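Listed here are the chains, written in short residue letters.
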Amino acid sequence: MRTKLVEISGLTKSFDDVEVLKDIHLYINENEFVTLLGPSGCGKTTLLRLIAGFEYADAGVITFDGRVLEELPPNKRAINTVFQKYALFPHLNVYENIAFGLKMKKMPKEDINKEVTSVLKLVKLEGFEGRNIKTLSGGQQQRVAIARAVVNKPKLLLLDEPLGALDLKLRQEMQYELKEMQRALGISFVFVTHDQEEALTMSDTVVVMNDGIIQQIGTPIDIYNEPENRFTANFIGESNIIDGVMHKDFLVEFEGVMFECVDEGFDQLENVDIVIRPEDIELKIDAGKINGVVDAITFKGVHYEIIVMVNDKEYIIHSTDPKEVGDKVSLHFEPEDIHVMVKSNA
Amino acid sequence: MRRLRIITLPYLVWMVVLVLVPTLLILLLSVTNLDIYNIGPFSFVTEGFEELTKPLVITAMKNSVRLSLLATLICFLIGYPTAYFLANLKTSKKTMLITLFILPVWSNMLLRIIAWETLFFPNSILNMFGISLNLIGTDVAILIGMTSMYLPFMTLPLYSVLEKMDHSLIEASKDLGASNMQTFLKVTLPLSLSGVVSGVIMTLLPSMTAFALPERLSGGKTLLIGNIIEDYFMKTSNINGGAMISIALMVVIIVLFMVVVHFDKEGETLI
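Once a new chain begins, its residue numbering starts again from 1 and follows that chain's sequence as written. Think of it this way: whatever chain is written first is A, whatever ligand is written first is 1, and the rest follow in order. Local features are withheld for residues below a pLDDT of 70 in this predicted model, meaning they are given only at 70 or higher, and side-chain atom pairs are given and counted only at 80 or more; totals for whole chains, interfaces and linings count all residues.

### A closer look at the overall build of chain A
Under the DSSP-based scheme used, a helix requires at least four consecutive residues in state H or I and a strand at least two consecutive residues in state E, with every element numbered from the N terminus. For chain A, the count of helices and strands is 8 helices and 20 strands. The principal-axis extents of the C-alpha atoms in chain A amount to approximately 75 × 45 × 40 Å. Three exposure classes are used, all based on how many other C-beta atoms lie within 10 Å of a residue's own C-beta (placed from the backbone): buried at 20 or more, exposed at 12 or fewer, and partly exposed between those limits. Taken over 346 residues, chain A has a buried fraction of 39%.

Below, the structure is given as structure tokens:
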């Protein structure tokens, strides 16, 4: 059983009468990589700023390491932040930026030297001590920002979309490095992003948020394979969301056909949303339970994205096997590929 | 580059005709016997330098340096907190408040000086409230006058640099364990240095060269270097002496600015 580092309960926050966080309940374990994932304006950054201490909640409590956080100003919290645009001090060089927090703690000069040197090694920026911040590339600035935060040995590191400004290749590299760093340091990370791939790649736990409400908390695999509602299914990867009716446990009807499934616990004849991932559908030329016509096909690199019209509805299918527009096809999938969710009002 | 030259032409003409040529003329006047009655052949003379050793001139120069540095310091001490407060306001009334600060500059300066003068006399409208200031002729009167004239010029550059400052830098500083005071000293102040330099220059320059203000508010008791130069040119018609003192004043100002600019590593200010 892992110990809880942060516990958030009933957190509510409004700006100018707009509720950006509504009754948030969440806990973060020690040594856990948690990602807050959601579209812009979903409240994820506000939640991060509340933990950092830059905002104060209207209601609710955050405890950190057994203490109520509201009583501590940001400079007294064993929490450090990597800011979205890095917020490096332009009047200080790389060394002075990284040493800033340690100087505030009145650490002896030799110890500061040692710490800065070792953290520069960690972020692979040895020899950059005397460089002016303005002469660094985006990726290097980002590493300095991380170094400046982790050198203080916080128990919790908050990262506010730190990879947003980097190009794709560098971003993927940094995703891997951040995850490695979190393992090496043995501290908890709270990572804010709107990039679902980033969230799935790095996290131990993903917190999906929308409209100030937590939609789902789970491991990347849970979130992807068992989305709890229409929002999560749509936001994480591409999905086909279909209206269906649950007839009884393990039996669902959609597109006028009965299917075996692996879900249970719904009311009899309850209206549900069905999610089938594009890569779980197989297309065959012969007739089957669901039949349609290929409407469009796009080459995506690894796979083709094929749009099939079934009863005037679009289905997205990812397949390595190309089809021609106008081909009559049938859709096939296994019972475990059918994900049944409680109907959302959308 | 060529296009740039054409659009800078009006400014170049302006600078040459109204700044460079007059400055060269003053320089020429200061070391020659040329004057209104002698615009023909001239010879170089050294008498001008003797003007600089006169006790009256030295006293006036000292007064000017002392009072303008003091006025600049007072303007900074009032202007910085004001600019900081205004820059951190979150209300929509910000623009209105800034306008209120600039508003005095829109009225004639001489008029404002005379307004202060009438208040500083022993007999003024303030007698109505049982107050008699009787400040004319004191350093306090001149300092109040200078501060009220030049405070907006100190506040505005500070405001603009503080307003543009990335607020996340302040948050980053606190995040790294700095208290409010440490954040101000280690982050806010160093980053607003360019505004400080601008403000100091904008305040120091007019204070050093002021002559109407000390004339009205000192009652003739405190002479500033501006008054001396005015006297040389307008009253005693000692054009060469006046020119020499003007050059000396210019040198003093340049030295003061070099000290100020020394602190401005970024070079983001006016000069």
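### Some remarks on the overall build of chain B
Looking only at helices and strands, one finds 13 helices and 0 strands in chain B. Each helix and strand of chain B, placed in order from N terminus to C terminus, yields the pattern α-α-α-α-α-α-α-α-α-α-α-α-α. Its C-alpha atoms put chain B at 70 × 65 × 30 Å along the principal axes. For chain B, the residues scored as buried account for 35% of the 271 residues in total. In this description, a residue-residue contact is defined by the distance between C-beta atoms placed from the backbone, which must lie within 7 Å. Of all intrachain contacts in chain B linking residues separated by at least 6 positions in sequence, the fraction that spans at least 24 positions is 73%.

### A short note on the domain arrangement of chain A
Residues and elements named next belong to chain A. An automatic or database domain assignment provides the domain bounds reported here. Each assigned domain of chain A is listed with its residue range as follows: domain 1 (4-230) and domain 2 (240-342). Computed from C-alpha atoms alone, the centre-to-centre distance between domain 1 and domain 2 is 39 Å. Between domain 1 and domain 2, the residue contacts involve 5 residues of the former and 6 residues of the latter.

### Considering the nonpolar core
For our purposes the nonpolar core covers buried Ala, Val, Leu, Ile, Met, Phe, Trp, Tyr and Cys residues that link as a set through C-beta atoms within 7 Å. Counting 95 residues, the largest nonpolar core has A:I51, A:A147, A:L157, A:L158, A:V190, A:V207 and A:V252 as its most contacted members. Considering every element that reaches this core, the biggest residue donor is helix 4 (residues 138-150) of chain A, with 6 residues. The contact partners of A:V190, leaving out residues within four places of it in the chain, are A:I28, A:V34, A:L36, A:L48, A:I51, A:L156 and A:L158. Judged by nonpolar contacts, the second largest core, of 49 residues, contains B:A60, B:I142, B:V161 and B:M244.

### Here's the deal with the packing of helix 8 (residues 167-175) of chain B against helix 9 (residues 180-191) of chain B
Residue and element names in this part refer to chain B. Each axis is a line fitted through C-alpha atoms, and for a helix only the stretch in contact is used; angles between axes span 0 to 180 degrees, taken between their N-to-C directions. At a closest axis distance of 10 Å, the pairing of helix 8 and helix 9 adopts a crossing angle of 140 degrees. Regarding the angle of helix 8 to helix 9, the classification is oblique. Relative to helix 9, helix 8 is oriented so that their crossing is right-handed. Here helix 8 contributes L169, I170, S173 and K174 to the contact with helix 9, which in turn contributes T183, K186, V187 and T188. Under this grouping Gly is polar, as are all residues other than the nonpolar Ala, Val, Leu, Ile, Met, Phe, Trp, Tyr, Cys and Pro and the charged Asp, Glu, Lys and Arg. Considered class by class, the residues forming the contact of helix 8 with helix 9 number 3 nonpolar, 3 polar and 2 charged. Throughout, the term roughly parallel applies to angles under 35 degrees, roughly antiparallel to angles over 145, roughly perpendicular to angles from 65 to 115, and oblique to all others. It is the rotation of the near helix from the far one that decides the hand of a crossing: anticlockwise by less than a right angle makes it left-handed, clockwise makes it right-handed.

### Some points on helix 2 (residues 94-104) of chain A
Helical geometry note: an α-helix holds 3.6 residues per turn, so side chains three or four residues apart project in the same direction. Residues and elements named next belong to chain A. Among all positions of helix 2, only V94, N97, I98, A99, F100, G101 and L102 are buried. Those residues of helix 2 that are buried are in contact with helix 3 (109-122) and helix 4. The first or second residue beyond helix 2 is K106, which carries a positive phi of 60 degrees.

### Description of the environment of A:V310
Residues and elements named next belong to chain A. You can see V310 is positioned in strand 17 (residues 304-310). Spatially, the C-alpha atom of V310 lies 71 Å from that of E110, the residues being 200 residues apart in sequence. Sequence-distant contacts of V310, that is, excluding residues within four places in its chain, are made with E255, I290, G292, Y315 and L331.

### Comments concerning the packing of helix 6 (residues 109-120) of chain B against helix 7 (residues 139-164) of chain B
Residue and element names in this part refer to chain B. Helix 7 packs onto helix 6 with a crossing angle of 145 degrees between their chain directions and a minimal axis gap of 11 Å. By crossing handedness, the relation of helix 6 to helix 7 is classed as right-handed. Here M109, R112, I113, W116 and F120 of helix 6 come into contact with helix 7, specifically with A141, I144, G145, S148 and M149. Its residues assigned to classes, the contact of helix 6 with helix 7 shows 7 nonpolar, 2 polar and 1 charged.

### Looking at the interface of chain B and chain A
Taken together, the 15 residues of chain B in the interface contact 16 residues of chain A. At 6 residues, helix 8 of chain B tops the list of elements feeding residues into the side of chain B that touches chain A. Here the side of chain B that touches chain A is composed, by residue class, of 7 nonpolar, 4 polar and 4 charged.

### A short note on the sheet that holds strand 14 (residues 270-276) of chain A
All names here are of chain A. DSSP bridges decide pairing: two strands pair if at least two such bridges lie between them. In spatial order, the strands read 13-12-11-14-20; together these 5 strands make up an open sheet with antiparallel pairing. Only two strands of the sheet have a single neighbouring strand rather than two, namely strand 13 (257-260) and strand 20 (339-342). Along the sheet, successive strands turn relative to each other by an average axial angle of 45 degrees, direction set aside.

### Some words on the domain arrangement of chain B
Residues and elements named next belong to chain B. Taken domain by domain, chain B holds domain 1 (1-45) and domain 2 (52-262). Just the C-alpha atoms count here: the centres of domain 1 and domain 2 sit 29 Å apart. Between domain 1 and domain 2, the residue contacts involve 7 residues of the former and 6 residues of the latter. Taken together, the residues of the side of domain 1 that touches domain 2 break down into 4 nonpolar, 2 polar and 1 charged.

### A short note on the sheet that holds strand 5 (residues 67-68) of chain A
The sheet built from 4 strands is open, its strands ordered 2-1-4-5 (chain A) with antiparallel pairing. The open sheet has two edge strands, strand 2 (18-29) and strand 5 of chain A, and neither has a second partner.

### Notes on the environment of A:L163
Residue and element names in this part refer to chain A. Mapped onto the fold, L163 is located in the loop between strand 7 (156-160) and helix 5 (168-185). It is 9.9 Å that separates the C-alpha atoms of L163 and V192, two residues lying 29 residues apart in sequence. Filtering out sequence-adjacent residues up to four positions away, L163 remains in contact with R171, M174, Q175 and E198.

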